[in-house]
Amino acid sequence: MTAATTRKARAFRGTHTEGRTPEELRELVSHAGAELELAPAEHIIEWAVATFGDRFCVTSSMGDAVLAHLAAKVAPGVDVVFLDTGYHFVETIGTRDAVEATMDVNLITITPVQSVAEQDAAYGKDLYKTDPDLCCKLRKVTPLAESLDQYDAWATGLRRAETHNRVIAPVIGWDAKKGKVKVSPLARWSDEQVEQYIADNGILVNPLVYDGYPSIGCWPCTRRVAPGEDPRSGRWAGTNKTECGIHS
């Protein structure tokens, strides 16, 4: 990336663009999706920043800080949204705090309307056992959707290599449920590319990744994965559930 490109991204990051209509956003997706499919991750983020200004954000589950690092290089001060479900591992909260302390990002932590205790009182103790889909909806899907109201586009760390369910994840897509442009700069990255980027740039990684947790969610619904198992098999183990609903 050239110095001029970086300055341009910073300039756009400092502007506020008016929200576009769903029709306008879908039109953008139809043109940009094919054009950027094979573009480097930095260029994809660059396009998003230039197109949406401060109506673009990055979301992170804090499994690692690869996407946050890439975005901060392109657009220092970029909004990075973290969803604190109230059920996170201590290590995940620690990774979030480290990202906020060491990277040039605007870290925004959002929380569900109800605390865990309030949810237990309203729906019964340990809703994640009795109705995991509802628990995910209350603690993940709805809070994130509401937090994205002020944005036209959001970047995710989705990668096609993570699971067969994500093979068709587009680099630039349309999230009809949220009415937002969904940007997945790392969609085409292999596990090896991620590992190389982490090694080359000294990227923060959640310590649990090195303790048998290649995919990290809420602690009640995440277990260690044995060598050779699907990396996401530790999520909602023993059930037919494979996604929380944010990406479906």
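Residues numbered from 1 in each chain as written. Predicted model: local features only at pLDDT ≥ 70, side-chain atom pairs only at ≥ 80, totals over all residues. Heavy atoms only, no water.

### Considerations on the nonpolar core
Reasoning step 1: Core analysis: the largest hydrophobic core is formed by 45 residues, its most contacted members being Phe56, Val66, Ile172 and Val183.
Reasoning step 2: In contact with Val66, other than residues within four places in its own chain, are Leu186, Trp189, Val194, Tyr197, Ile198 and Ile203. (Core = buried A, V, L, I, M, F, W, Y, C linked by side-chain atoms within 4.5 Å. Buried < 20%, exposed > 50% of the residue type's maximum accessible area, 1.4 Å probe, protein only. Contact = heavy atoms within 4.5 Å.)

### Concerning the pairing of strand β2 (residues 78–83)
Reasoning step 1: Taking burial as the measure, the six residues of β2 include six buried ones, the bulk of the element.
Reasoning step 2: In β2, alternate side chains face the same way, and those of Val78, Val80 and Phe82 on one face and Asp79, Val81 and Leu83 on the other are all buried.
Reasoning step 3: Relative to strand β3 (residues 105–110), β2 runs parallel, the two being bridged by six bridges. When the bridges of β3 are listed, Val80 appears paired with Leu107. (Helix = DSSP H or I, 4+ residues; strand = E, 2+ residues; numbered from the N terminus. Pairing = 2+ DSSP bridges.)

### Overview of the sheet that holds strand β6 (residues 180–183)
Reasoning step 1: In spatial order, the strands read β3-β2-β1-β4-β6-β5; together these six strands make up an open sheet with mixed pairing. Edge positions in the open sheet fall to β3 and β5 (172–175), since each of these has one partner strand only. Between one strand axis and the next, the sheet turns by 30° as a mean value, whatever way the strands run.
Reasoning step 2: Sitting on the sheet, helix α8 (residues 132–147) is in contact with β1 (56–59), β2, β3 and β4 (153–155), with an inclination near 155° to β2. (Axes fitted to C-alpha atoms, helices over the stretch in contact; angles between N-to-C directions.)

### With respect to the packing of helix α3 (residues 41–52) against helix α4 (residues 66–74)
Reasoning step 1: As a packed pair, α3 and α4 sit with axes 9 Å apart at the nearest point and diverge in direction by 60°. Looking at the two axes, α3 sits oblique to α4. Judged by the twist between their axes, the crossing of α3 over α4 is right-handed. Packed against α3, whose contacting residues are Ala41, Glu42, Ile45, Glu46 and Val49, the element α4 presents Leu67, Leu70, Ala71, Lys73 and Val74 at the interface.
Reasoning step 2: By residue class, the composition of the contact of α3 with α4 is seven nonpolar, no polar and three charged. (Parallel < 35°, antiparallel > 145°, perpendicular 65-115°, else oblique. Left-handed = near helix turned anticlockwise from the far one by under 90°. Nonpolar A, V, L, I, M, F, W, Y, C, P; charged D, E, K, R; others polar.)

### So, the confidence of the model for the chain
Reasoning step 1: With 88% of its residues at a pLDDT of at least 70, the chain reaches an overall mean of 88.
Reasoning step 2: Per-element averaging of pLDDT across the chain places helix α1 (residues 3–13) at the bottom with 41 and helix α6 (residues 116–123) at the top with 98.
Reasoning step 3: In the predicted structure, residues 1–14 sits below a pLDDT of 50 and forms 23 contacts with residues beyond four places in sequence or in another chain. (pLDDT = per-residue confidence, 0-100.)

### Thoughts on the pattern of salt bridges
Reasoning step 1: Within this structure, the stated rule accounts for 11 salt bridges.
Reasoning step 2: In this structure, the salt-bridge partner of Glu23 is Arg26, at a minimum N-O distance of 3.6 Å. One end of the pair, Glu23, and the other, Arg26, are both in helix α2 (residues 22–36), three residues apart, so they sit about a helical turn from each other.
Reasoning step 3: Under the relative-accessibility criterion, Arg26 is labelled partly exposed at 38%.
Reasoning step 4: Across the pair Asp211 and Arg224 runs a salt bridge, and its minimum N-O distance is 2.8 Å. Of this pair, Asp211 sits in the segment after α9 (191–201) while Arg224 sits in the segment after α9; the two residues are 13 residues apart in sequence, bridging distant segments of the chain.
Reasoning step 5: Note on Asp211: relative accessible area 37%, which makes it partly exposed.
Reasoning step 6: For Arg224, a relative accessible area of 46% gives the class partly exposed.
Reasoning step 7: Salt bridges sharing partners connect three or more residues here, namely Lys125, Asp126 and Lys129. (Salt bridge = Lys/Arg side-chain N within 4 Å of Asp/Glu carboxyl O.)

### Description of the environment of Ser61
Reasoning step 1: Relative to the assigned elements, Ser61 resides in the loop between β1 and α4.
Reasoning step 2: Looking at Ser61, the relative accessible area reads 48%, which means it is partly exposed.
Reasoning step 3: Along the sequence, Ser61 and Thr156 sit 95 residues apart, while their C-alpha atoms lie 9.2 Å from each other.
Reasoning step 4: With near-sequence residues (within four places) excluded, Ser61 lies in contact with Phe82 and Thr92.

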